[in-house]
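A closer look at the structure
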Amino acid sequence: MVVRALESGSGSDAEAILAAIADGYLSVGRDWRCRHVNAAAARLLGCAPETLLGESLWKLLPGLAGQPFERLCRDTLAGGAGGTRTAWYPDHARWYELSVDAIPGGLAIGLRDVTEREHRREAAQSYAGLFARLADDSPFGIYVVDDALRIAHVSREARRAFANVPDVVGRELVDALTVLWGPDKAAAYAAIFRRTLASGEPHAATRTVEQRADNGAVEAYAWRLDRVLLPDGRFGVACYYHDITEQQRAEAALAALAASERRFRAVQECSVDGFMLLESVRERDAIVDFRWTYANEAASRMAQAPPGGFVGRRLLETHPGNREEGLFDAYVRVVETGEAHAREFVYHRDGLDLALRLVAVKVDDGLAIAFADRREAQQLAQRLADSERRARLALEAMGGHVFEMDYARGLVRRAPGFGALLGYAEHEIAPSFDWWHERMLAEDRPRIEAIARAVLAAREPRATVEYRVRHRDGREVWLQENALIEYGADGRPRQVVGCTFEIDARKRAELELEAANARLEEATLAAGLGIHEYYPATGRLVW
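The present account deals with the structure reproduced in this document. Predicted model, so just to flag it, every value in this text is computed and none were measured. (Residues numbered from 1 in each chain as written. Predicted model: local features only at pLDDT ≥ 70, side-chain atom pairs only at ≥ 80, totals over all residues. Heavy atoms only, no water.)

What to know about unusual backbone geometry
Applicable threshold: In this description a helix means any DSSP run of H or I spanning at least four residues, a strand means any run of E spanning at least two, and both kinds are numbered starting from the N terminus. The cut-offs for exposure are 20% and 50% of the maximum accessible area for each residue type, with area from a 1.4 Å probe on protein chains only; residues under the lower value are buried, those over the upper are exposed, and the others partly exposed.
Notably, glutamine 304 is not glycine yet its phi reads approximately 55 degrees, a positive angle. Inspection of the secondary structure puts glutamine 304 in the loop between helix H12 (297-302) and helix H13 (315-318). Relative accessible area serves as the criterion here: at 52%, glutamine 304 is assigned to the exposed category. Located in the positive-phi region is aspartate 364, a residue other than glycine, with phi close to 55 degrees. Secondary-structure assignment places aspartate 364 in the loop between strand S14 (354-363) and strand S15 (366-373).

Focus on empty space enclosed by the protein
Our working definition: Computed over the protein atoms alone on a 1 Å grid, cavities are sets of points where a 1.4 Å probe fits but cannot get out and pockets are open sets with protein on both sides within 12 Å along at least five of seven lines; a residue lines them when it has an atom within 4 Å of a point. Grid points are joined across faces, edges and corners, and a volume is the space filled by probe spheres set on the points. Residue polarity follows a fixed list, in which Ala, Val, Leu, Ile, Met, Phe, Trp, Tyr, Cys and Pro are nonpolar, Asp, Glu, Lys and Arg are charged, and the others, Gly among them, are polar.
Within this structure, the stated rule accounts for 2 cavities of 30 Å³ or more. Reported here for the largest cavity is a volume of approximately 250 Å³. Lining the largest cavity are 13 residues; nearest its centre among them are Tyr143, Trp181, Tyr221, Trp223 and Cys239. Elements with a contribution of two residues or more to the lining of the largest cavity: helix H9 (173-181), helix H10 (183-199), strand S9 (218-229) and strand S10 (235-243). In terms of residue class, the lining of the largest cavity is made up of 12 nonpolar, 1 polar and no charged. Around the second largest cavity sit 16 residues that line it, and Met276, His319, Asn322, Leu356 and Phe371 are the ones nearest its centre. Residue assignment for the lining of the second largest cavity shows that the elements contributing at least two residues are helix H15 (327-337), strand S13 (341-347) and S14. Top element by residues in the lining of the second largest cavity is S14. It accounts for 3 residues. Classifying every residue of the lining of the second largest cavity gives 14 nonpolar, 2 polar and no charged.

Section: the environment of valine 218
Spelled out, the test is: Any two residues whose heavy atoms approach within 4.5 Å are treated as being in contact.
Among the structural elements, valine 218 can be located in strand S9. It is 8.0 Å that separates the C-alpha atoms of valine 218 and threonine 245, two residues lying 27 residues apart in sequence. Apart from the residues lying within four places of it in its own chain, the contact partners of valine 218 are Val209, Glu210, Gln211, Thr245 and Arg249.

Let's talk about H15
Three or more residues of H15 are buried, namely Leu327, Phe328, Ala330, Tyr331, Val332, Val334 and Val335. At the C-terminal side of H15, glycine 338 shows a positive phi close to 80 degrees.

Concerning the sheet that holds strand S6 (residues 141-145)
Where we set the bar: Two strands qualify as a pair provided that DSSP identifies no fewer than 2 bridges between them. Fitted lines through C-alpha atoms serve as axes, helices being fitted only where they are in contact, and the angles separating the N-to-C directions of these axes extend from 0 to 180 degrees.
Judged by pairing direction, the sheet is antiparallel, and its 5 strands sit side by side in the order S7-S6-S10-S9-S8 without closing on themselves. Each edge of the open sheet carries a strand with a single partner, namely strand S7 (151-154) and strand S8 (203-211). In this sheet, neighbouring strand axes are inclined to one another by 25 degrees on average, regardless of whether the strands run parallel or antiparallel. Packed on one face of the sheet, H9 meets S6, S7, S8 and S9 and runs near 145 degrees to S6. Running at roughly 25 degrees to S9, H10 makes contact with S6, S8, S9 and S10 of the sheet.

This is a description of form; function is not addressed.
Right under this line is the structure:
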């Protein structure tokens, strides 16, 4: 030790060496009185060096009396090996690192202010705890690797993705990714991690679609890499990701529906038969007219549409003969009852002379009307059937069951095959919301009703909910519903169209994993760690 060397030299040499030392040093005799004090120690103690000589150590540092430091000093003076202690000294509001060594006739004591170092250590520990808690509470998956590309932390959400990787924390990244994606993709992803670690440049991918090697599932992710400072002062890489698999499937389904509609309209525009869409015009909830919303070229031609067509105009304005012919009343019955109307007749009104076969079906709060020369009726029916079949196949490819709901009247119509989900025959399913609501588990109803109120209050166009229903055999079944909501001009919901998916196996696995993670989080919180996070870029400190 430095002071031991000083004790063996001359007084002038000792003073010169002590003055050159940046850390505080002093020596005491067996009577605990100071024999040497350098300027650094005097500054720490707030006195001139000459005023400290001859003073008792315990008078200079009374706050350390009775502490581990005093025991170390007395043990060393009694023949012990000496050592180092780090202690908080409340009189100075500082952390000191004190080193003690035996020298002839007393002790050599080193005194170093390590307050900044201890604050960094405490901050690192707090940061580690805060990061772990924030990561676990995040709805996104987060995992962190260290500078050796070993996995250092995995959030609760990320553990779902790594469920088939045993002992994931502490494992090499490339090994874990090999389990998930296979060796080639694992090597490619690990290379991206290395680049971010070396350069500090973030990496972002808005959509990555891959087939997993462990379970064969095709999954889609949006993800980002950032270099981060770990609690121990080393650099690491944090991966933040969001599982967008369901979103990808929903987008694919909606794209299929949009493509089906485009094909349907293309067929109608190419058709020699007339096809038009009318929406109800209501006053005090009674239908007083219909408004044209679509007419293909054949319909416009047969109905003798003026330049600009009929779209946006009222039916009884353009063709008042529909009332005298009884068509208007028939259309109203179609909308009110949902029952289709078909007839063959000769129309000699509104300047027209047509021999028609007409079919009208309800669509939302309106009608779809197909009409043609009777000789071509069979061809029209085949085209309609083909279009409906394509739309149905596109929906069946999603693995879901389509429903549409007239919100004002509480009527729900579901596609064929839905009853099998709950063990009911199709004719046993009532076309009402109440029938479905009764089969929803009572403990899930308040949550779903609260979500519905929030969605409708904000006029959100989309909603996704997960809940349980009671199967006919008594067991519980988890379902997910994705819905599109149409609002009227008054802001009230008019119609809901969506798909129902059975997610029972997936949901039960999620719940089991959440329960295990909750127990782990409770154990972590029981440690009683205080945590905070510091953002260097903004200087913001969050507790």
